[in-house]
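Examination of the molecular architecture
Each chain, written out:
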Amino acid sequence: MPELPEVETTRRGIAPHCEHQVIARVIVRDGRLRWPVPDNLPALIEGATITEVDRRAKYLLIRVSGTAATGTLIVHLGMSGSLRVITDASEPLIHDHIELWLQNGVRLRFNDPRRFGCWLWSETPDSHRLLASLGPEPLAPEFNGALLYRLSRGKQTPVKSFIMDNRIVVGAGNIYANEALFKAGIHPRRAAGRISLSRYHRLAEAIKETLSAAILMGGTTLRDFVNSDGKPGYFAQSLLVYGRGGEPCRECGKALKEIRMNQRTTVYCGHCQR
DNA sequence: ACAGAGACCTGCTGGC
DNA sequence: TGCCAGCAGGTCTCTG
């Protein structure tokens, strides 16, 4: 379930429990994630202090400062990962791959059935290959319609692929790309280079609105999630098109269409989106 | 340089 | 009831 709002919700949930805490113990039960978890990770960060939990795109950046090393844990939740705060001593379950035990008794527990996530270590994260060429954050002022317009000139690629490209803007995952295109009234297959500036203004606003609304709703489930367990479904009720193929468009009532683009389910209204 | 497909994994659902 | 194909919120990497 990790799209950008989920990752931000996770960041806000774990930060107060981890920041300024000493890492007492690191347990890697299964380090076979998207890339292998570094073997020396426990040696590097045990005894060190977590100074801050940041986010860039869908990466959580856990800043660590210690005598052995000072650097950043680059954590991605992949398709199925979750990071939870455990305050009791409950036994780990299947797919609980990594745990950080903090000196305040809290355990940070990483679960990821599909193992598409990652835990990497970098002392120079700004220039790390995963982070170096990312586009702007969608909620930052520098992301706007003018930017989309400028970067899209001459591009034949469908606008949905264009806004899901992390070099253009980060955080527009499949769900939110579908939602934002519907809100902006733009057909997902339209060539990115053939969309006007004013329509890109609408699209940029739609991306910002959709993501910030979801972050707000994620915030409401923060408590559940901290106490473990945390399964939302919270934003699902307000989805306009995603998961609603064949059902009536909330604007015009015509049946929503469902197609595959780049192996991803794409839902749109053939009447409202041009 | 670009666009699209393949790859990485496990778990769940729906159709036969 | 049981089995299997197909699909799932991501994104790097390869191919043409």
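Note that the structure is predicted; figures quoted are calculated from it, not measured.

1. Considerations on the packing of aromatic side chains
The full count for this structure, using the stated rule, is two aromatic pairs. An angle of 70° between the planes, with centres 5.7 Å apart, marks the rings of Phe110 and Trp119 as edge-to-face. Seen in terms of ring centroids, Phe162 and Tyr200 are 6.3 Å apart; in terms of plane orientation they differ by 55°. Their pairing is tilted. Separated by 38 residues along the polypeptide, Phe162 in helix 4 (residues 159-163) and Tyr200 in helix 6 (residues 197-220) bring together distant segments of the chain. Like Tyr200, Phe162 is buried. A cation over an aromatic ring shows up here: Arg25 above the ring of Trp101, its NZ or CZ 5.0 Å from the ring centre. Taking NZ or CZ as reference, Arg129 lies 5.0 Å from the ring centre of Trp35, over its face.

2. Comments concerning the domain arrangement of chain A
Taken domain by domain, chain A holds domain 1 (4-127) and domain 2 (145-268). For domain 1 versus domain 2, the separation of C-alpha centres amounts to 29 Å.

3. Quick word on the protein's contact with DNA strand C
Taken together, 22 residues lie around DNA strand C, and Arg34, His76, Tyr242, Arg260 and Thr265 are the ones closest in. Tyr59 is positioned such that a nitrogen or oxygen atom in its side chain is 3.0 Å from a phosphate oxygen of DNA strand C. Within the contact set of DNA strand C, a phosphate oxygen lies 3.4 Å away from a side-chain nitrogen or oxygen of Arg129. For the surface near DNA strand C, the secondary-structure elements that each account for two or more residues are helix 5 (174-184) and strand 10 (264-268). Here the residues of the surface near DNA strand C are counted per class, giving nine nonpolar, six polar and seven charged.

4. What about the pairing of strand 6 (residues 96-102)?
The element strand 6 is largely enclosed, with a buried count of six among its seven residues. Relative to strand 6, strand 1 (residues 21-28) runs antiparallel, the two sharing five bridges. Of the residues in strand 6, the one forming a bridge with Val28 is Ile98. In this sheet, strand 7 (residues 107-111) lies alongside strand 6 in antiparallel orientation, the contact comprising five bridges. Bridged to Asp96 within strand 7 is Asn111. Between strand 6 and strand 7, which pair antiparallel and follow one another directly, the connecting turn spans four residues, one of which, Gly105, has a positive phi of 95°.

5. Structural notes on the protein's contact with DNA strand B
Contacts to DNA strand B come from His95, Pro113, Arg114, Arg115, Phe116, Gln156, Thr157, Pro158 and Gln263. Within 4 Å of the protein, the contacting atoms of DNA strand B are 52% sugar and phosphate, with bases supplying the remainder. Residue Arg115 places a side-chain N or O atom 3.2 Å away from a phosphate oxygen belonging to DNA strand B. The contact in question runs from a base nitrogen of DNA strand B to an N or O atom on the side chain of Gln263, over 3.2 Å.

Rules and cut-offs
- Residues numbered from 1 in each chain as written.
- Chains lettered and ligands numbered in written order.
- Predicted model: local features only at pLDDT ≥ 70, side-chain atom pairs only at ≥ 80, totals over all residues.
- Heavy atoms only, no water.
- Phe/Tyr/Trp six-rings, centres within 6.5 Å; stacked < 30°, edge-to-face > 60°.
- Helix = DSSP H or I, 4+ residues; strand = E, 2+ residues; numbered from the N terminus.
- Buried < 20%, exposed > 50% of the residue type's maximum accessible area, 1.4 Å probe, protein only.
- Lys NZ or Arg CZ within 6 Å of the ring centre and 35° of its normal.
- Domains from an automatic or database assignment.
- Near = heavy atom within 4 Å.
- Polar contact = N/O pair within 3.5 Å; in protein donor to acceptor, adjacent residues only side chain to side chain.
- Nonpolar A, V, L, I, M, F, W, Y, C, P; charged D, E, K, R; others polar.
- Pairing = 2+ DSSP bridges.

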